[in-house]
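Chain and residue survey
Each chain is listed here by its residues.
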Amino acid sequence: EPNRYGLLNQDRPHVVKLFGTFQPLERFNLGVFFRVQSGRAWNAVARDNTGNGTVINYLEKAGSRRTPTWSNLDLLAAYRLPVGKSHVTLEARVLNVLNSQTVLSYNATQFNDLNVAANGSILAYTIPNPLFNTPNSYATPRRILLSALMSF
């Protein structure tokens, strides 16, 4: 099966991550996280057995397609309050500040049928999957996380 040789589906040739913190006051911290990464590799597939359908037939070279490159920006603000000998840290995190809802994966199943000859060999596929090459997952939209952490 020559099509099985190629890029793995989590291949990302470029990933850049930048981290930064700033402490304008003794108990107040600001943080930033920025990431840009290449899209992941994927390829068209179809079923290739009559069982539960978990074995797939690579219809094109593994990793011959790629999802879009995407970037992500997260921000953090934290304030530490003394409580006796302990302290409570109040945090607010804004994740995906730019609200980039980039496509992270596509429906890779190109055909819905499985034609098998009497001798067990697979015949040509005939029923195209209308959802092939449509997005099926996106980057999580912007969200805010509030938390209180107690250290003692």
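It should be noted that the structure appears before, not after, this text.
First, a word on what this report is: a plain description of the structure on this page. Source: prediction; values computed, not measured. (Residues numbered from 1 in each chain as written. Predicted model: local features only at pLDDT ≥ 70, side-chain atom pairs only at ≥ 80, totals over all residues. Heavy atoms only, no water.)

**So, the overall build of the protein chain**
A tally of helices and strands in the protein chain yields zero helices and 11 strands. In the protein chain, the order of α-helices and β-strands from amino to carboxyl end is β-β-β-β-β-β-β-β-β-β-β. Computed over the C-alpha atoms, the radius of gyration of the protein chain is 24 Å, more than 25% above the 15 Å expected from 2.2 N^0.38 for a compact globule of 152 residues. Seen through its C-alpha atoms, the protein chain measures out along the principal axes to roughly 80 × 30 × 25 Å. Across the 152 residues that make up the protein chain, the buried fraction comes to 28%. Counted over contacts in the protein chain with a minimum sequence separation of 6, partners at least 24 positions apart contribute 63%. Counting only carbon and sulfur atoms, one obtains 58% of the accessible surface of the protein chain, whose full area is about 9800 Å². Both charge centroids of the protein chain, one from 15 positive and one from 8 negative side chains, sit 9 Å from each other. (Helix = DSSP H or I, 4+ residues; strand = E, 2+ residues; numbered from the N terminus. Rg over C-alpha atoms; globule rule 2.2 N^0.38 Å. Buried < 20%, exposed > 50% of the residue type's maximum accessible area, 1.4 Å probe, protein only. Contact = heavy atoms within 4.5 Å. Areas by Shrake-Rupley, 256 points an atom, 1.4 Å probe, with all protein chains shown as cover. Lys, Arg positive; Asp, Glu negative; His and termini not counted. Charge placed at Lys NZ, Arg CZ, Asp CG, Glu CD.)

**Considerations on the nonpolar core**
Residues Trp42, Ala44, Val103, Tyr106 and Phe132 constitute the largest nonpolar core, which totals five residues. In this structure tryptophan 42 touches Gly63, Ser64, Arg65, Arg66, Thr67, Tyr106, Asn107, Ala108, Phe132 and Asn133, once residues within four positions along its chain are discounted. (Core = buried A, V, L, I, M, F, W, Y, C linked by side-chain atoms within 4.5 Å.)

**With respect to the pattern of salt bridges**
Considering all chains together, one arrives at three salt bridges under this definition. The salt bridge partner of glutamate 60 is arginine 65, with a shortest N-O separation of 2.6 Å. (Salt bridge = Lys/Arg side-chain N within 4 Å of Asp/Glu carboxyl O.)

**A word on the sheet that holds strand S8 (residues 86-95)**
Sheet architecture is open: five strands sit in the order S1-S2-S7-S8-S11, paired in antiparallel fashion. Each edge of the open sheet is held by one strand with a lone partner, namely strand S1 (15-25) and strand S11 (143-151). Strand-to-strand twist in this sheet, taken as the mean axis angle between neighbours without regard to direction, amounts to 15°. Alignment of strand S7 (residues 70-83) against S8, held across nine bridges, turns out to be antiparallel. Within S8, the position partnered with valine 83 by the bridge is serine 86. (Pairing = 2+ DSSP bridges. Axes fitted to C-alpha atoms, helices over the stretch in contact; angles between N-to-C directions.)

**Considerations on a nonpolar patch on the surface**
Judged by side-chain polarity, Tyr79, Leu81, Val83, Leu90, Met150 and Phe152 come together as a nonpolar surface patch covering roughly 620 Å² of accessible area. Sort the elements by how many residues they give to the nonpolar patch and S7 lands first, with three residues. Relative to the helices and strands, phenylalanine 152 resides in the segment after S11. (Patch = residues over 30% accessible without salt bridge, like charges linked within 9 Å, V, L, I, M, F, W, Y side chains within 5 Å.)

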